[in-house]
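Given next are the chains, with one letter for each unit.
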Amino acid sequence: MSALPSPAPAGRRLTWPWFLVVVVVYLAILQGLGALIAVDRDSGDSQFPTTESIIRSGVIPIGLSVLFGAAVVTWLGWWGSILRYRVPVRHWVRFVPISMLVVAVLGMNYPNLADQPLSLVLSLIVMTLFVGIGEELMFRGIGVQVFRRAGLSEGRVALWSSVIFGIVHLSNAFSEGVQAILQAVVVSTSGYFFYLCLRVGGTILLPMLVHGLWDFSLVSNSAGIDPKAYPGMILPIVLQVVLIVLVIVKRHTIEPVDSSDGTGPHTQTAHHAVDS
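Now for a description of the structure that goes with this document. (Residues numbered from 1 in each chain as written. Predicted model: local features only at pLDDT ≥ 70, side-chain atom pairs only at ≥ 80, totals over all residues. Heavy atoms only, no water.)

With that settled, consider the nonpolar core. Residues F19, M100, L124, M138, F139 and I142 are the most contacted members of the largest nonpolar core, which totals 65 residues. Mapped by element, the contributors of at least two residues to this core are α1 (16-37), α2 (51-76), α4 (95-106), α6 (118-149), α7 (154-168), α9 (179-201), α10 (205-219) and α11 (234-249). The leading source of residues in this core is α6, at 12 residues. Not counting chain neighbours up to four residues away, the residues in contact with I142 comprise L14, F19, G69, V72, V73, W78, I82 and L137. (Core = buried A, V, L, I, M, F, W, Y, C linked by side-chain atoms within 4.5 Å. Buried < 20%, exposed > 50% of the residue type's maximum accessible area, 1.4 Å probe, protein only. Helix = DSSP H or I, 4+ residues; strand = E, 2+ residues; numbered from the N terminus. Contact = heavy atoms within 4.5 Å.)

Pasting the structure below:
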C-alpha cells in the first residue's frame, strides 16, 4: 500500500528567483540605509568606536531589516513552518550549537568590554541580537523554506541557503575591500553550522541565539576607540576549523538511518550539502 502524499505546506508560494529579489531589498536596507546614516570612523582601527556609530551604522539599519524580514514572513504566512522545523538529525550534531555557545562565551573580550561605556556595550548587545534574528529569519527561515518547498533534499536546502548567505556578505566589499571575499567563504560555512543548529533545536530560535551570541563575541574585540587584543579571540577561529573538518569527516552520518518517524520524503532522500 503506497504512502499518502504529504499535505501541501501552509502559506503563499515564493519561488527562489523571487527570494533573491527579497534578499536584494534586504541588502538595500542594510547597506543603503547604513551608508546614508553611518558615522565616519576616521579610518581608525575600531569597527565600533562609539555608541552613536553602533546605533547609526548597526542598530537602525539592522533593526529595519528585521522588520522587513518579519513582514515578508507574515505576508507569506510561514511563521508556523519557520518557528517549528521538525527534521531529525543524529545526536552527535548537537556538538555544533553546544560548542559554538561555549566558545562564544569563552572567547568574549571581557577586558575590552569592561573598559567601554555601558551605553556602548548595551548598543552592541542590541545590534548583534538584531543580526541573529534578522539573518536567521532571512536565510534559515525564509531561505530554507523556499528551497524545501521547492522539493530539494535537506542537503541541497542546506547548501543553497548557506551559499546565498555567504554571497550576501560580498556586499561588505564596499567597506572592507578584498577581504570580504574570504569573509563570504567563511560565512558560508557558518551558515551551514547555523542550519545544523536549526535541525538540532527544531526551531529557528536556537540558531538566532547561537548567531547573536557568536557575533557579539566576535565584535567584542573591535568595540571602543582603542580596542585591546584578547587571547580568547583565537577560539572562534579554531572552532570554525574543527567544525569544518568534523562535518567533512562525518558528512554521511548527519541524517538518521531510520526515518520511520513520519518525517516525510525530505528526510528519506536527504543528502549532506558537501555531497551535493
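Attention now goes to the packing of α1 against α6. Relative to each other, α1 and α6 sit at 170 degrees, their axes nearing to 10 Å. With respect to α6, the axis of α1 lies roughly antiparallel. Side by side, α1 and α6 meet where W16, F19, V22, V23 and Y26 of the first sit next to G134, E135, M138, F139, I142, G143, V146 and F147 of the second. Among the residues making up the contact of α1 with α6, the classes are represented as 10 nonpolar, two polar and one charged. (Axes fitted to C-alpha atoms, helices over the stretch in contact; angles between N-to-C directions. Parallel < 35°, antiparallel > 145°, perpendicular 65-115°, else oblique. Nonpolar A, V, L, I, M, F, W, Y, C, P; charged D, E, K, R; others polar.)

Right, let's get into the side chain of S53. Note on placement: S53 falls in helix α2. A polar contact of 2.7 Å, which involves the side chain of S53, links it to the backbone oxygen of T50. Residues in contact with S53, not counting those within four places in the same chain, are V39, F48 and G58. (Polar contact = N/O pair within 3.5 Å; in protein donor to acceptor, adjacent residues only side chain to side chain.)

Attention now goes to the packing of α4 against α11. Orientation of α4 relative to α11, taken along the N-to-C sense of each, is 170 degrees, at an axis distance of 9 Å. Put simply, α4 runs roughly antiparallel to α11. Packed against α4, whose contacting residues are F95, V96, S99, M100, V103 and L106, the element α11 presents L235, P236, L239, L243 and L246 at the interface. A breakdown of the residues in the contact of α4 with α11 according to their chemical character gives 10 nonpolar, one polar and no charged.

A few words now on the pattern of salt bridges. Enumeration over the complete set of coordinates arrives at six salt bridges. The residue D115 makes a salt bridge to K228 at a minimum N-O spacing of 3.1 Å. Taken together, the residues D115 in the loop between α5 (110-114) and α6 and K228 in the loop between α10 and α11 connect sequence positions 113 residues apart. Judged by relative accessible area, K228 falls into the partly exposed class, the value being 41%. For R148, the salt bridge is made with E154, and the minimal N-O distance between the two is 2.7 Å. Linked through salt bridges whose partners overlap, the residues forming this network are R148, E154, R199 and E255. (Salt bridge = Lys/Arg side-chain N within 4 Å of Asp/Glu carboxyl O.)

Here the structure, examined in full by the defined rule, presents four aromatic pairs. An angle of 85 degrees between the planes, with centres 6.2 Å apart, marks the rings of F19 and F147 as edge-to-face. With F19 in helix α1 and F147 in helix α6, this pair connects stretches of sequence that are 128 residues apart. Taken individually, F19 and F147 each receive the classification buried, so the pair is uniform in this respect. Consider the rings of Y26 and F139, whose centres lie 5.9 Å apart with planes at 85 degrees: the pair is edge-to-face. Of this pair, Y26 sits in helix α1 while F139 sits in helix α6, placing them 113 residues apart in sequence. The class of F139 is buried, set by a relative accessible area of 1%. The rings of Y26, F139 and F165 are connected pair by pair, giving a single aromatic cluster. If you follow R140 out to its NZ or CZ, it ends over the ring of F165, 4.2 Å from the centre. If you follow K250 out to its NZ or CZ, it ends over the ring of W92, 5.2 Å from the centre. (Phe/Tyr/Trp six-rings, centres within 6.5 Å; stacked < 30°, edge-to-face > 60°. Lys NZ or Arg CZ within 6 Å of the ring centre and 35° of its normal.)

Together, F95, I98, V102, L106, I234, L235, I237, V238, V241, V242, V245 and V249 make up a nonpolar patch on the protein surface, roughly 1,000 Å² of accessible area in all. Put simply, the parts of the chain that give the nonpolar patch at least two residues each are α4 and α11. No other element matches the eight residues that α11 contributes to the nonpolar patch. With respect to the element layout, L235 can be found in helix α11. In this structure L235 comes out as partly exposed when scored by relative accessible area, which is 32%. (Patch = residues over 30% accessible without salt bridge, like charges linked within 9 Å, V, L, I, M, F, W, Y side chains within 5 Å. Areas by Shrake-Rupley, 256 points an atom, 1.4 Å probe, with all protein chains shown as cover.)

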